[in-house]
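# Structure at a glance
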Amino acid sequence: MNAAGIEHSRRRIMQHGYIGMGGRLTFAGTVVTMGTLNKNDKETRCRMSDRYSRQTVLLGREGQEALLQTRVAVLGCGALGTHIAGNLARAGFGHISIVDRDVVELNNLQRQALFDEGDVGSFKVEAAARKLRRINSEIVIETQVKDIHNGNIERFIQGCDLVLDGTDNIPTRMILNDACVKNRIPWIYAGVIRYEGMVMPVLPEGPCLRCLLPEIPPTGSMTSCELSGVLNPLPPIIAGIQCTEAIKLVLNKTDSPRKLVVYDVWEQRFNKVTVDKNPHCLCCGKRTYTFLDNPERDIVMGLCADSVQIIPPRDTDLDLEKIARDLAGSVEILIANDYMLRFIADGKQLTVYRDGRAQIKGTGDNGVARAVYTRYLGL
Ligand SMILES: [Zn+2]
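Numbers given to residues run from 1 along each chain, matching the order in which its sequence is written. Reporting in this predicted model follows two pLDDT cut-offs: at least 70 for local features of residues, and 80 or more for side-chain atom pairs to be given and counted; totals over whole chains, interfaces and linings ignore these cut-offs and use all residues.

## Focus on the sheet that holds strand 4 (residues 95-100)
Put simply, the rule is: In this description, strands pair whenever DSSP reports at least two bridges between them. Strands are runs of DSSP state E lasting at least 2 residues, helices are runs of H or I lasting at least 4, and numbering of each runs from the N terminus. Simply put, an axis is a line fit to the C-alpha atoms, just over the touching stretch for a helix, and the angle between two N-to-C directions goes from 0 to 180 degrees.
With mixed pairing, the eight strands of this open sheet are ordered in space as 5-4-3-6-7-8-9-10. Strands at the two margins of the open sheet, each flanked by one partner only, are strand 5 (140-145) and strand 10 (269-274). Going from strand to strand, the sheet's axes swing by 15° on average, the running direction of each strand aside. Relative to strand 8 (residues 196-202), strand 7 (residues 187-193) is paired through seven bridges, and the arrangement is antiparallel. Counted as the bridge partner of Ile-188 is Pro-201 from strand 8.

## Focus on the nonpolar core
The following threshold applies: Residues of type Ala, Val, Leu, Ile, Met, Phe, Trp, Tyr and Cys that are buried and joined through C-beta atoms within 7 Å form what is called a nonpolar core. Comment: burial labels come from other C-beta atoms within 10 Å of the residue's own C-beta, placed from the backbone, where a count of 20 or more is buried, 12 or fewer is exposed, and between is partly exposed. Here, residues touch in the contact sense if the C-beta positions derived from the backbone fall within 7 Å of one another.
By size, the foremost hydrophobic cluster in this structure holds 70 residues, and its most contacted members are Val-72, Val-74, Ala-85 and Val-163. Top contributing element to this core by residue count: helix 10 (residues 234-250), with eight residues. If we ignore the near neighbours within four places in the chain, the residues touching Val-74 are Gly-81, Ile-84, Ala-85, Ile-96, Ile-98, Leu-164 and Gly-166.

## A word on the packing of helix 4 (residues 79-91) against helix 5 (residues 124-135)
Under the convention used in this document: An angle below 35 degrees is treated as roughly parallel, one above 145 as roughly antiparallel, one from 65 to 115 as roughly perpendicular, and anything else as oblique. Handedness of a helix crossing follows the sense of rotation of the near helix relative to the far helix, less than a right angle counterclockwise being left-handed and clockwise being right-handed. Under the convention adopted here, Pro, Cys and the residues Ala, Val, Leu, Ile, Met, Phe, Trp and Tyr are nonpolar, Asp, Glu, Lys and Arg are charged, and Gly plus all remaining residues are polar.
For the pair helix 4 and helix 5, the least separation of the axes is 9 Å and the interaxial angle reads 25°. In terms of orientation, helix 4 and helix 5 fall into the roughly parallel class. The hand of the helix 4/helix 5 crossing is right-handed. Contacts from Thr-82, Ala-85, Gly-86, Ala-89 and Arg-90 in helix 4 reach Ala-128, Leu-132 and Ile-135 in helix 5. Here the contact of helix 4 with helix 5 is built from residues that sort into five nonpolar, two polar and one charged.

## Section: the pairing of strand 13 (residues 332-336)
Pairing geometry for strand 13 and strand 14 (residues 340-345), over four bridges, is antiparallel. By the bridge assignment, Ile-335 is partnered in strand 14 with Arg-342. Here strand 13 folds back onto strand 14, and the loop between the two strands holds three residues.

## With respect to the environment of Thr-82
Here Thr-82 shows up in helix 4. By the C-beta count within 10 Å, which is 30 here, Thr-82 ends up buried. Taking the C-alpha atoms as reference points, Thr-82 and Val-125, separated by 43 residues in sequence, lie 9.0 Å from one another.

## A word on the environment of Ile-135
For Ile-135, the position within the fold is in helix 5. Ile-135 sits in the partly exposed class, given 13 other C-beta atoms within 10 Å. With 49 residues separating them in the primary sequence, Ile-135 and Gly-86 have C-alpha atoms 8.1 Å apart. Contacts of Ile-135, omitting those with residues within four sequence positions, involve Gly-86, Ala-89 and Arg-90.

## Some thoughts on helix 5
Put simply, the rule reads: The span expected for a helix works out to 1.5 Å for each residue beyond the first.
With 12 residues, helix 5 ought to run about 16 Å at 1.5 Å a step, and its terminal C-alpha atoms sit 16 Å apart, in line with that. Turning to helix 5, its buried residues are Lys-124, Val-125, Ala-127, Ala-128, Ala-129 and Leu-132. Where helix 5 is buried, its residues contact helix 4, strand 4 and strand 5.

## Here we look at helix 10
Relative to the 24 Å expected for 17 residues at 1.5 Å per residue, helix 10 spans 25 Å between its end C-alpha atoms, a close match to the ideal helical length. A positive backbone phi angle near 60° is found at Asn-252, which sits one or two residues after helix 10.

## Quick look at the environment of Leu-251
Along the chain, Leu-251 turns up in the loop between helix 10 and strand 9 (259-264). By the C-beta count within 10 Å, which is 16 here, Leu-251 ends up partly exposed. Not counting residues within four places of it along the chain, the set of residues in contact with Leu-251 comprises Leu-59, Gly-63 and Ala-66.

## As for unusual backbone geometry
In the segment running from Gly-206 into Pro-207, the intervening peptide bond is cis, with an omega of 0°. If you trace the backbone, Pro-207 turns up in the loop between strand 8 and helix 8 (209-212). Phi is positive for Asp-346, which is not a glycine, with a value near 50°. Mapped onto the elements of the fold, Asp-346 is located in the loop between strand 14 and strand 15 (348-353).

Structure, rendered in structure tokens:
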């Protein structure tokens with residue numbers, strides 16, 4: 001680093017020290033003293049000066065108020081979704097709606113914030129909401145235990161100003177892309193795998209995710225964090241970039257649409273790739289929403305080379321404990337409770353949820369997975 005660079009860094013370090021001490025910060029040439037805003041309004045002072053004081057210094061009172069007025073949907077509550085929801089709640093987004101289908105498992109705790117050992121077995125959105133309400137009781141947190149698919153996604157995003165992607169697979173993201181572009185709601189794509197994460201804000205006019213990826217790659221060509229892993233420090237960094245973009249979108253200060261951010265946490269390599277709008281894009285170009293409007297709901301979906309998900313054509317409400325009793329003699333039951341039944345059969349591991357969804361590990365063949373599902377669940 002040259003002398004000017006070292007001097008610049010030294011100044012920044014001194015500023016960071018001021019922030020840590022709650023003192024004065026020089027920002028854009030103006031000296032701002034923290035904790036002096038809105039002295040005449042006791043309630044506002046509490047919200048603005050105490051809870052958000054380190055943020056109003058940067059965003060202004062109007063900026064903070066804009067966040068409080070924003071309604072945001074977080075789709076998926078896993079590695080990304082939990083960090084996103086935590087960031088948004090602390091930042092003071094006024095209305096946060098979270099949708100996820102799964103229950104907390106022990107292997108989630110390595111990377112999913114908001115959960116602890118006491119939450120294992122609870123629905124993720126319910127465990128997350130308990131924590132978020134303790135973090136910020138002044139905002140609205142709404143939750144839904146639902147699988148997100150093309151038949152219901154528009155219900156989850158209706159009335160939202162912004163949607164943040166915390167999902168974990170491409171087919172769901174394509175449906176999300178269609179739904180947001182169609183309903184003219186900005187959304188922020190993100191994904192994490194191994195050491196690398198990506199973020200791209202998508203505005204309704206595009207470019208959109210389908211400009212980048214016109215079709216869903218064939219089953220087996222996609223990797224998943226289940227097989228490839230994800231390093232623990234990566235999700236909070238990527239969710240942090242995503243939430244920064246969310247704040248910029250709300251404040252109308254975004255400079256990042258058309259930019260895909262790619263970050264490798266192991267190599268500390270950061271790239272910004274320009275994404276051009278494809279005029280022939282079926283979604284943002286032609287305004288046809290083939291994933292959203294597909295009349296055949298995808299009932300069998302390859303997750304990766306060794307795993308298939310099956311979604312029944314309509315939601316159902318299975319009595320999992322009864323099914324476990326019926327199967328007890330013929331399969332090896334691993335987990336059986338109100339939320340989830342997991343068992344080994346025909347060399348495959350089946351995880352079945354109350355709404356009839358199942359994940360089948362041990363095959364990447366949709367037909368084989370469907371056959372096993374039908375044999376043991378009869379659906
Ligand atoms: Zn597009």
